[in-house]
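Examination of the molecular architecture
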Amino acid sequence: MARRKIVAGNWKMNKTPSEAKALVEMLAPLVKNDDVDVVYCVPAVDITTVVEAVKGSNVAVGAENISDKDKGAFTGEISGAMLADAGVKYVIIGHSERREYYKEDDAFLNAKVKKAFEYGLIPILCCGESLEQRELGQTIDWVRLQLKSDLKDIPAEQAATMVIAYEPIWAIGTGKVATTEQAQEVCKAIRDLIAEIYDTDTAEKIRIQYGGSVKGASAPEIFAQPDIDGGLIGGAALTEDFGKIVNYNK
Ligand code: 13P
């Protein structure tokens, strides 16, 4: 069975609640595509507004982070229970910005992946190499290392439902998109790893996105690759171009 494409916007630290509402309204007529799952991953403070604004549409809401704890004295954290109750369906875990600027390591991210599943949320688990690692030829080894730790003790039934986003750090926000061959090569290596950790059935089901400077103009070629099941979109997710990315096949 063919995997369904999934295109998710990662809004990062952009849009106040009122701006978020306006963006959802602007994008509403542009992001209809029955062939694609569409997700807006939004700042925590925007979640309630965006959940309300997408009601009755084809768009699901995601969070950009989740606590590794259940509840209690963890000032500033947001729990899986809070996200689920607010209407969130997906959660980004391990974005390179969190790994780099907030020092989130693989053991911590593994705990977050487990928490997401405990609360019925679907992780969009990010991985990817730096420019230096790519130039040293370490890309695939590095991504395998990240994912092996991030997925530790996650059962196959859960892994099959999740989304992995391959985001080369050097392609994020730089306008420098990986070539389709580079993106496909790593996404295939990720699928092979999933088959190795679990089995081919799980590998066939898991959805793997590419992220890094995807635009409406580049999406059709990238999403046509056999192991690329959609994209995680930063900058372009805040513009009309997101509609073109979602409708890459029209
Ligand atoms: P850009 O699309 O802005 O390069 O960002 C990609 C990204 O980090 C999505 O998570």
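Here the structure is shown first, and the text comes after it.
What follows concerns the overall build of the chain. Within the chain one finds 12 helices and 8 strands. Relative to its length of 250 residues, the chain is compact, with a C-alpha radius of gyration of 17 Å against a globular reference of 18 Å. With respect to the three principal axes, the spread of C-alpha positions in the chain is 45 × 45 × 35 Å. Within the chain, the fraction of its 250 residues that count as buried is 54%. Taking the intrachain contacts of the chain between residues at least 6 apart in sequence as the baseline, contacts between residues at least 24 apart amount to 75%. Working note: accessible area of the chain is about 11300 Å², and carbon and sulfur atoms make up 54% of it.

This paragraph deals with the packing of aromatic side chains. Throughout the structure, instances matching the rule amount to 4 aromatic pairs. Each ring, one from W11 and one from Y40, has its centre 5.6 Å from the other, and the planes form 35°; the classification is tilted. Within this pair, whereas W11 is found in the loop between β1 (5-10) and α1 (17-27), its partner Y40 is found in strand β2 (residues 36-42), the two being separated by 29 residues in sequence. Given a relative accessible area of 1%, W11 falls into the buried group.

Scanning the model with the defined rule gives 23 salt bridges in all. Put simply, K12 and E97 hold a salt bridge, and the shortest N to O gap is 2.8 Å. Residue K12 is found in the loop between β1 and α1, and its partner E97 is found in helix α4 (residues 96-101); the two are separated by 85 residues along the sequence. Linking E104 and R98 is a salt bridge whose minimum nitrogen-to-oxygen distance equals 2.7 Å.

Secondary-structure assignment places D150 in helix α7 (residues 139-150). For D150, the residues in contact, after removing those within four places along its chain, are R99, D106, L109, N110, V113, L125 and C126.

Along its 18 residues, helix α9 (residues 180-197) runs 26 Å from first to last C-alpha, staying within 8% of the 26 Å computed at 1.5 Å per residue. Within α9 the residues assigned to the buried category are T180, A183, Q184, V186, C187, A189, I190, R191, L193 and I194.

Rules of the game
Residues numbered from 1 in each chain as written. Predicted model: local features only at pLDDT ≥ 70, side-chain atom pairs only at ≥ 80, totals over all residues. Heavy atoms only, no water. Helix = DSSP H or I, 4+ residues; strand = E, 2+ residues; numbered from the N terminus. Rg over C-alpha atoms; globule rule 2.2 N^0.38 Å. Buried < 20%, exposed > 50% of the residue type's maximum accessible area, 1.4 Å probe, protein only. Contact = heavy atoms within 4.5 Å. Areas by Shrake-Rupley, 256 points an atom, 1.4 Å probe, with all protein chains shown as cover. Phe/Tyr/Trp six-rings, centres within 6.5 Å; stacked < 30°, edge-to-face > 60°. Salt bridge = Lys/Arg side-chain N within 4 Å of Asp/Glu carboxyl O. Expected span 1.5 Å × (residues − 1).

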